[in-house]
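# Fold and contact review
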Protein chains: 2
Amino acid sequence: MRPGKSDRGGETRELILVTAERLFAEHGVEAVSNRQVSEAAGQSNNFAVGYHFGSKEDLVVAIVRRHAESVERRRTDMLAKITDSPDLRDWVSCLVRSNTEHLASLGSPSWYARFIAQVTTHPSLRELVINEAVSSPSMQQTIDGMFRLVPRLPEEVRQERSYMSRLMIVHMCAERERELHAGTAMPRSTWASTAAGLVDALVGLWLAPVTARR
Amino acid sequence: MRPGKSDRGGETRELILVTAERLFAEHGVEAVSNRQVSEAAGQSNNFAVGYHFGSKEDLVVAIVRRHAESVERRRTDMLAKITDSPDLRDWVSCLVRSNTEHLASLGSPSWYARFIAQVTTHPSLRELVINEAVSSPSMQQTIDGMFRLVPRLPEEVRQERSYMSRLMIVHMCAERERELHAGTAMPRSTWASTAAGLVDALVGLWLAPVTARR
């Protein structure tokens, strides 16, 4: 059966999303125009991105949402398992593995981790993506669970360490994805091992004593 | 006295370096061409970058070297003070503060921290900049001092945590620079406070226990 008009529209949207994700991951969001995305996605109409998504910001959010459901589902499953665990490691693990297991499910080459690293380094798009993540109820539940088990911290330290945690997860995943793609990953370098390293490091980060600020 | 030809050449070089640093910091290294740098630096010759520096890689390395002497001097002074300190915090502090104190000395607006964040997120330029940093004898001495005081770690964990440490320093500094520039920094948000937060976090990271890898 030949796909109907709306199915073809859906296919075009999907093709644009996949193409944009790869181009942004490889070259940076700023360096790639909507026209270049349309062309690389084989669209004869150079305004295909605009037609299907609107602005570049809208396109970026659409790419994030394309992955969000899978991450969200994994996080919800993990939360159901740890219920009210008193072990900080369980909550940090949920934060990390909902992402690494999604990335593992994409196979290689994947581009999403590098796309996210590019977007979160971008001055204005960063906010968009962080707001998307933080607005998720399961994400909020994970963060609340973590904070219940972290010693009381001054607000500025809490914000600082949240930012550092995000940095580590985003860029370590991008680095691993790059290695897997280039074939330079060590035989034992897997997404599970990346997650284990991140969980150890983040638990250390959150439990680190705070010295007085000047 | 009118500057001689070679002085003018030096001024032009300096003007190109400062302009390129700002443009790369704002828009990303990939998004800015050598021609755009030449134009923004007010050069009538669009090939001024090529003439004075060669390739974009050469330009990036020249920007890094323009700052390296100050960072290097600070690190050497700090190392002379801590000599063979048995406190990991002293060595981590040297690693962090040689950078934050250099950035503080630049005043606001500065662009160097954001420039470095952009460059170290770039797939190929990253190596160039990391090699520059690691080739410094005082950097090597700082790292050796740190590793003497960190519990024995599997090589892959050591590499992973080195990478995480770099990420945190680079991106926290870029974030602070961005805030200072935008005027959104809290009154007590200073480079010294950024350094204190980073030192606490990195000590926690390096001392974190390692759980078995899958």
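The name given to chain A in an unreviewed UniProt entry is TetR family transcriptional regulator, with Melittangium boletus DSM 14713 as the source organism.

### Overview of the overall build of chain A
From N to C terminus, chain A includes 10 helices and 0 strands. Along chain A, from the amino end to the carboxyl end, the secondary structure elements read α-α-α-α-α-α-α-α-α-α. Principal-axis analysis of the C-alpha atoms gives chain A an extent of 60 × 40 × 35 Å. The proportion of buried residues among the 214 residues of chain A is 51%. Counting only contacts in chain A whose residues sit at least 6 apart along the sequence, the fraction spanning at least 24 positions is 73%. Surface accessibility of chain A: about 10300 Å² in total, with carbon and sulfur atoms responsible for 53%. With 27 positive and 26 negative side-chain charges, chain A shows a separation of 1 Å between the mean positions of the two kinds.

### Quick look at the interface of chain A and chain B
With 37 residues of chain A at the interface, the matching set in chain B holds 37 residues. Interface area for chain A against chain B, summed over the two sides, is near 3600 Å², with a carbon-plus-sulfur share of 55%. Across the chain A-chain B interface, the total number found is 2 salt bridges. As a salt-bridge pair, Glu175(A) and Arg126(B) come within 3.1 Å of each other at their nearest N and O atoms. Contributing elements (two or more residues each) for the side of chain A that touches chain B: helix H1 (5-27), helix H5 (88-105), helix H6 (112-121), helix H9 (155-182) and helix H10 (191-207) of chain A. Broken down by element, the side of chain A that touches chain B gets its largest block of residues, 11 residues, from H9(A).

### Some remarks on the packing of helix H4 (residues 56-82) of chain A against helix H7 (residues 125-134) of chain A
Residue and element names in this part refer to chain A. Remark: H4 packs on H7, axes separated minimally by 10 Å, with the N-to-C direction vectors making an angle of 30°. In this structure, H4 crosses over H7, and the sense of that crossing is right-handed. Between H4, through Glu 57, Val 60, Val 61, Val 64 and Arg 65, and H7, the contact on the second element is made entirely by Leu 125, Leu 128, Val 129 and Glu 132. Broken down by class, the residue content of the contact of H4 with H7 amounts to 6 nonpolar, no polar and 3 charged.

### A few points about the packing of aromatic side chains
All names here are of chain A. Evaluated as defined, the whole model comprises 6 aromatic pairs over all chains. When the ring of Phe 24 is compared with that of Phe 115, the centres are 6.3 Å apart and the planes differ by 20°; the resulting orientation is stacked. One end of the pair, Phe 24, is in helix H1; the other, Phe 115, is in helix H6, and 91 residues separate them in sequence. Chaining the aromatic ring pairs together yields one cluster made of Phe 24, Tyr 112 and Phe 115. If you follow Arg 148 out to its NZ or CZ, it ends over the ring of Trp 91, 5.7 Å from the centre. Against the face of Phe 147 rests Arg 158, its NZ or CZ located 3.9 Å from the ring centre.

### Focus: the side chain of Arg114(B)
Residues and elements named next belong to chain B. With respect to the helices and strands, Arg 114 occurs in helix H6 (residues 112-121). We classify Arg 114 as buried; its relative accessible area is 8%. Polar contacts involving the side chain of Arg 114 include one to the side chain of His 181, which spans 3.1 Å. Aside from chain neighbours lying at most four places away, what touches Arg 114 is Ala 25, Ala 174, Glu 177, Arg 178 and His 181.

### Notes on the relation of the copies chain A and chain B
After a rotation of 180° and a shift along the axis of 0.0 Å, chain A superposes on chain B with an RMSD of 0.0 Å. The symmetry that links the two subunits is that of a two-fold axis. The overlap is high: 100% of the interface residues of chain A also sit at the interface in chain B, so the same surface is used on both sides.

### Some details on the domain arrangement of chain A
Residue and element names in this part refer to chain A. According to the domain assignment, chain A consists of domain 1 (1-54) and domain 2 (66-207). Opposite the 11 residues of domain 1 that make contact, domain 2 presents 10 residues. Summed over both partners, the interface of domain 1 with domain 2 comes to about 930 Å²; 65% of that surface belongs to carbon and sulfur atoms. Linking domain 1 with domain 2 are 1 salt bridge, by the criterion used here. A salt bridge links Glu 14 to Arg 66, with the shortest nitrogen-to-oxygen separation between them at 2.8 Å. Counting the contacts that link domain 1 with domain 2 gives 2 residue pairs in polar contact (both at pLDDT 80 or more). Here the residues of the side of domain 1 that touches domain 2 sort into 5 nonpolar, 1 polar and 5 charged.

### Re the state of the cysteines
Each disulfide is one covalent bond, formed between the sulfur atoms of two cysteines. What the rule picks out here adds up to 0 disulfides over all chains. Here Cys94(A) stays unpaired: no disulfide links it, and the sulfur of Cys173(A), its closest cysteine neighbor, is 14 Å away.

### Some remarks on helix H8 (residues 137-149) of chain B
All names here are of chain B. Between its terminal C-alpha atoms H8 stretches 19 Å, which fits the 18 Å expected from 13 residues at 1.5 Å a residue. Inspection of H8 places Ser 138, Met 139, Thr 142, Gly 145, Met 146 and Phe 147 among the buried residues, and these make up the whole buried set. In the core, the buried residues of H8 are packed alongside helix H4 (56-82), helix H5 (88-105), helix H7 (125-134), helix H9 (155-182) and helix H10 (191-207).

### Quick word on the UniProt feature "domain: HTH tetR-type" (unreviewed entry) in chain A
UniProt's entry tags residues 10-71 of chain A with the feature "domain: HTH tetR-type" (unreviewed entry), counted in the numbering of this structure. The straight-line gap between the two end C-alpha atoms of residues 10-71 of chain A is 22 Å; of that span, 76% is helix and 0% is strand.

### Re the pattern of salt bridges
Where charged atoms from two side chains of opposite charge approach closely, those side chains can pair. One pass over the full model with this rule turns up 20 salt bridges over all chains. Among the ionic pairs, Glu127(A) bridges to Arg126(A), the shortest N-O distance being 3.8 Å. Take Arg126(A): its relative accessible area is 8%, and that puts it in the buried class. Three or more residues are tied together by salt bridges with common partners; here these are Arg126(A), Glu127(A), Glu175(B) and Arg178(B).

Basis of the calculations
- Residues numbered from 1 in each chain as written.
- Chains lettered and ligands numbered in written order.
- Predicted model: local features only at pLDDT ≥ 70, side-chain atom pairs only at ≥ 80, totals over all residues.
- Heavy atoms only, no water.
- Helix = DSSP H or I, 4+ residues; strand = E, 2+ residues; numbered from the N terminus.
- Buried < 20%, exposed > 50% of the residue type's maximum accessible area, 1.4 Å probe, protein only.
- Contact = heavy atoms within 4.5 Å.
- Areas by Shrake-Rupley, 256 points an atom, 1.4 Å probe, with all protein chains shown as cover.
- Lys, Arg positive; Asp, Glu negative; His and termini not counted.
- Charge placed at Lys NZ, Arg CZ, Asp CG, Glu CD.
- Buried area = accessible area lost by both parts, 1.4 Å probe.
- Salt bridge = Lys/Arg side-chain N within 4 Å of Asp/Glu carboxyl O.
- Axes fitted to C-alpha atoms, helices over the stretch in contact; angles between N-to-C directions.
- Left-handed = near helix turned anticlockwise from the far one by under 90°.
- Nonpolar A, V, L, I, M, F, W, Y, C, P; charged D, E, K, R; others polar.
- Phe/Tyr/Trp six-rings, centres within 6.5 Å; stacked < 30°, edge-to-face > 60°.
- Lys NZ or Arg CZ within 6 Å of the ring centre and 35° of its normal.
- Polar contact = N/O pair within 3.5 Å; in protein donor to acceptor, adjacent residues only side chain to side chain.
- Least-squares fit on C-alpha atoms with pLDDT ≥ 70 in both.
- Domains from an automatic or database assignment.
- Disulfide = S-S within 2.5 Å.
- Expected span 1.5 Å × (residues − 1).
- UniProt positions renumbered as here; feature names shortened; annotations may be inferred.

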